[in-house]
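What follows is each chain in one-letter form.
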Amino acid sequence: MRIIMLGAPGAGKGTQAEKIAEKYGLPHISTGDIFRRNIKEGTALGKEAKSYMDEGKLVPDELTVRLLLDRTAADDCKKGYILDGFPRTIPQAEALDTELKKLGEIIDYAIDVEVPDENIIKRMSGRRACPKCGATYHTEFIPPKKENICDECGEALIIRDDDKPETVANRLKVYHEQTQPLIDYYDKKNILHTVDGTQDVQDVFKAVTSILE
Ligand code: ADP
Ligand code: AMP
């Protein structure tokens, strides 16, 4: 099963992708997480990606597509995967389609997690991330058991550099201009499903699993 999570930054794609990954035993592939790992490790890819990410811009398609196709070619992706944060532009979606066609594979579901911009600002301002294991929390909606400490691995939580208010506004603008057209793209392929992302995490997940079952 191959699944694409669509939605604005902060809509809850990663939160749901993690739960789908656990329930169905599929790898959760987040291009944002891969870039952040490279930044942390100080790789050349990380340095290049950081300059775009810090401004709320998209990393160029060529670089992102290469990275993603490398990842989906790995053995653990043979039975499927969940893409979170990819594709983010029509050329990225087309590049993925071209590769899938070569392999005789298809995307089974594109799930759009719908959340209005007003809620997004609140979600991203309260987001806290674990720099070690990648778990995501929210100060108000999904707080860790111990303040600012990751439940999973005990690491101190951080605020993502690109979750600053001025960057969030830019990321939303980029989303509406470059990523939202993908909703129509996958609708035309008859694989688009929409869930109301303003509900609490468990209810969004119920809606997601009812699509997948
Ligand atoms: P995305 O991957 O789409 O950028 P995240 O999954 O990181 O979004 O979620 C953004 C923020 O909102 C995080 O702080 C997360 O804990 C919180 N969040 C996710 N889903 C919900 C929800 N259904 N209700 C309230 N907060 C949520
Ligand atoms: P995310 O973790 O999905 O919110 O992504 C964080 C940032 O990484 C984005 O704002 C972009 O700068 C970059 N990024 C992640 N995925 C992509 C992608 N598919 N295309 C271009 N840039 C991306």
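Just so we're clear, the structure is a prediction, and the values are computed from it rather than from any experiment.

On to the sheet that holds strand β1 (residues 2-6), then. Strand order in the open sheet made by the five strands is β2-β3-β1-β4-β7, with parallel pairing throughout. Only two strands of the sheet have a single neighbouring strand rather than two, namely β2 (28-30) and β7 (192-196). Averaged over all neighbouring strand pairs, the angle between strand axes comes to 25°, with direction disregarded. Judged from the five bridges that link them, strand β4 (residues 109-114) and β7 form a sheet pairing that is parallel. From the neighbouring strand, I111 faces β7, where its bridge partner is H193. In this fold helix α8 (residues 181-188) packs onto β1, β4 and β7, with an angle of close to 145° to the strand it touches most, β1.

Moving on, we come to the site of ligand 2. Taken together, 16 residues are adjacent to ligand 2, and T31, R36, K57, G85 and Q92 come closest. The contact in question runs from a nitrogen atom of ligand 2 to an N or O atom on the backbone of V59, over 3.0 Å. The contact in question runs from an oxygen atom of ligand 2 to an N or O atom on the side chain of R160, over 3.0 Å. Protein chains bury 96% of the 480 Å² of accessible surface belonging to ligand 2 in isolation. It is helix α2 (residues 31-41) that contributes the most residues to the shell around ligand 2, four residues altogether. Counted by class, the shell around ligand 2 contains five nonpolar, five polar and six charged residues.

Next up on the list: helix α1 (residues 13-24). In a regular helix each residue adds 1.5 Å, so twelve residues correspond to 16 Å; α1 covers 16 Å between its end C-alpha atoms and thus fits that length. When α1 is considered as a whole, its buried residues turn out to be K13, Q16, A17, I20 and A21. On an axial view of α1, the arc spanned by its buried residues comes to 140°, and they lie on one face. If you follow the buried residues of α1, they end up packed against β1, β2, β3 (81-84) and α9 (201-212). Count one or two residues on from α1 and you reach G25, which has phi positive near 65°.

Attention now moves to the nonpolar core. If you look at the biggest cluster of nonpolar residues, it comprises 27 residues, and the most contacted ones within it are I4, L83, L96 and Y186. Counting residues per element, the ones that place at least two in this core are β1, α2, α3 (44-53), α4 (61-72), β3, α5 (90-103) and α8. Per-element tally for this core: the top contributor is α4, with four residues. For L83, the residues in contact, after removing those within four places along its chain, are I3, I4, M5, I29, L68, T72 and L96. In terms of nonpolar packing, the next biggest core, distinct from the first, is built from 24 residues, M5, I20, I82 and Y109 among them.

Reading guide: rules and limits
Residues numbered from 1 in each chain as written. Chains lettered and ligands numbered in written order. Predicted model: local features only at pLDDT ≥ 70, side-chain atom pairs only at ≥ 80, totals over all residues. Heavy atoms only, no water. Pairing = 2+ DSSP bridges. Helix = DSSP H or I, 4+ residues; strand = E, 2+ residues; numbered from the N terminus. Axes fitted to C-alpha atoms, helices over the stretch in contact; angles between N-to-C directions. Contact = heavy atoms within 4.5 Å. Near = heavy atom within 4 Å. Polar contact = N/O pair within 3.5 Å; in protein donor to acceptor, adjacent residues only side chain to side chain. Areas by Shrake-Rupley, 256 points an atom, 1.4 Å probe, with all protein chains shown as cover. Nonpolar A, V, L, I, M, F, W, Y, C, P; charged D, E, K, R; others polar. Expected span 1.5 Å × (residues − 1). Buried < 20%, exposed > 50% of the residue type's maximum accessible area, 1.4 Å probe, protein only. Arc of directions from axis to C-beta. Core = buried A, V, L, I, M, F, W, Y, C linked by side-chain atoms within 4.5 Å.

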